[in-house]
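Residue-level structure breakdown
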Amino acid sequence: MMKLQLALDDLELNDALALVQKVRDDIDIIEVGSPFIIEEGMRAVRELKKRFPEKLILADTKIMDAGEYEAEKTYIAGADICTVLGVTDSLTIKGCLEAAKKYGKKVMVDMICVEDVPKRVAEIESIGVDFIGVHVGVDQQAVGITPLEKLAEMKKVSKKSKISVAGGINPKTVADYKKVGADVIIVGGGITHAKDPVAAAHAIAEKIK
Ligand SMILES: O=C([C@H](O)CO)[C@H](O)[C@H](O)COP(=O)(O)O
């Protein structure tokens, strides 16, 4: 069954906690987004894990270097998954995987801005990665790019990984992503910037069932 990951990017900690409380039955994974980490650091991860221990917590660290050291910090804080960038060196990704093995946790490789997707997927799967994120960032979304084609490409080239997809998905577009298929649908602004975030989360959860 598809999972729903709520990306908390530009909320204050108290507002984030209140929103998660309201949508907790509709979401599976809570993402502490990169802007949220810049604002609050691992405190947000600690607080969310304490308040919602039944949920998986993903720290969207977008690690680019010092893989083992940085990944370990997220797991100590309570993250179940951290993210590392697919564009970085495989040594950094291997470092994250080492830390994940030590703590019994997961790493998600974010493919944002990776140009040769088939080549990179083959490389990272060969070093033991099993969770890959298709991602069109907010700056590329602003010029009209969506992750739909990239998701279709990923489904063709990935041999064994769980696939997540992110990039401006909302209640109106989520059905398109369901059709192509992904293990995890990530939604940030489509919920947090909606007029009624609780209704938006519920609508998306219903559509991906
Ligand atoms: O990872 C993200 C982005 O790079 C900002 O940190 C977002 O969490 C991700 O794109 C999901 O958010 P939406 O695109 O607003 O759905």
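Everything quoted here is computed from the prediction, not taken from an experiment. (Residues numbered from 1 in each chain as written. Predicted model: local features only at pLDDT ≥ 70, side-chain atom pairs only at ≥ 80, totals over all residues. Heavy atoms only, no water.)

**As for the site of the ligand**
Lining the immediate surroundings of the ligand are 14 residues, of which D9, Q141, G168, G188 and G189 lie closest. At 2.9 Å from an oxygen atom of the ligand is found a side-chain nitrogen or oxygen belonging to H135. Within the backbone of G189, a nitrogen or oxygen atom sits 2.9 Å from an oxygen atom of the ligand. Relative to its unbound accessible surface of 400 Å², the ligand loses 90% to contact with the protein. Residue classes in the shell around the ligand are distributed as three nonpolar, seven polar and four charged. (Near = heavy atom within 4 Å. Polar contact = N/O pair within 3.5 Å; in protein donor to acceptor, adjacent residues only side chain to side chain. Areas by Shrake-Rupley, 256 points an atom, 1.4 Å probe, with all protein chains shown as cover. Nonpolar A, V, L, I, M, F, W, Y, C, P; charged D, E, K, R; others polar.)

**What to know about the sheet that holds strand β6 (residues 131-135)**
Taken in spatial order, the eight strands of this closed barrel run β1-β2-β3-β4-β5-β6-β7-β8, and their pairing is parallel. The sheet shows a mean angle of 25 degrees between the axes of neighbouring strands, taken without regard to direction. Examined bridge by bridge, strand β3 (residues 56-63) and strand β4 (residues 81-85) share three bridges and lie parallel to one another. For L58, the partnering residue across the bridge sits in β4 and is I81. Contacts from helix α8 (residues 148-157) reach β6 and β7 (162-166), with the element oriented near 155 degrees to β6. (Pairing = 2+ DSSP bridges. Helix = DSSP H or I, 4+ residues; strand = E, 2+ residues; numbered from the N terminus. Axes fitted to C-alpha atoms, helices over the stretch in contact; angles between N-to-C directions. Contact = heavy atoms within 4.5 Å.)

**Some details on the UniProt feature "domain: Orotidine 5'-phosphate decarboxylase" (unreviewed entry) in the protein chain**
The positions that UniProt labels "domain: Orotidine 5'-phosphate decarboxylase" (unreviewed entry) are, in the present scheme, residues 3-204. Along residues 3-204 one finds 48% helix and 21% strand; the C-alpha atoms at either end are 10 Å apart. (UniProt positions renumbered as here; feature names shortened; annotations may be inferred.)

**A look at the packing of aromatic side chains**
Summed over the entire model, instances satisfying the criterion amount to one aromatic pair. Pairing Y75 with Y103 gives two aromatic rings, centres 6.0 Å apart and planes at 40 degrees, and the pair type is tilted. Taken together, the residues Y75 in helix α4 (residues 67-77) and Y103 in helix α5 (residues 90-103) connect sequence positions 28 residues apart. For Y75, a relative accessible area of 4% translates into the label buried. (Phe/Tyr/Trp six-rings, centres within 6.5 Å; stacked < 30°, edge-to-face > 60°. Buried < 20%, exposed > 50% of the residue type's maximum accessible area, 1.4 Å probe, protein only.)

**Points about the environment of R46**
On the secondary structure map, R46 appears in helix α3 (residues 42-51). Taking the C-alpha atoms as reference points, R46 and A79, separated by 33 residues in sequence, lie 7.9 Å from one another.

**Let's talk about the pattern of salt bridges**
Scanning the model with the defined rule gives twelve salt bridges in all. Between D60 and K62 there is a salt bridge, with the nearest N and O atoms lying 2.8 Å from each other. By relative accessible area, D60 is classed as buried at 6%. Each of K49, D80 and K105 takes part in a single network of salt bridges with overlapping partners. (Salt bridge = Lys/Arg side-chain N within 4 Å of Asp/Glu carboxyl O.)

**Section: the state of the cysteines**
The final tally for this structure, using the stated rule, is zero disulfides. Unpaired in terms of disulfides, C82 finds its nearest cysteine sulfur in C96, a separation of 5.0 Å. Free of any disulfide, C113 has its nearest neighbouring cysteine sulfur in C96, separated by 18 Å. Here C113 falls in the exposed class, since its relative accessible area comes to 53%. (Disulfide = S-S within 2.5 Å.)

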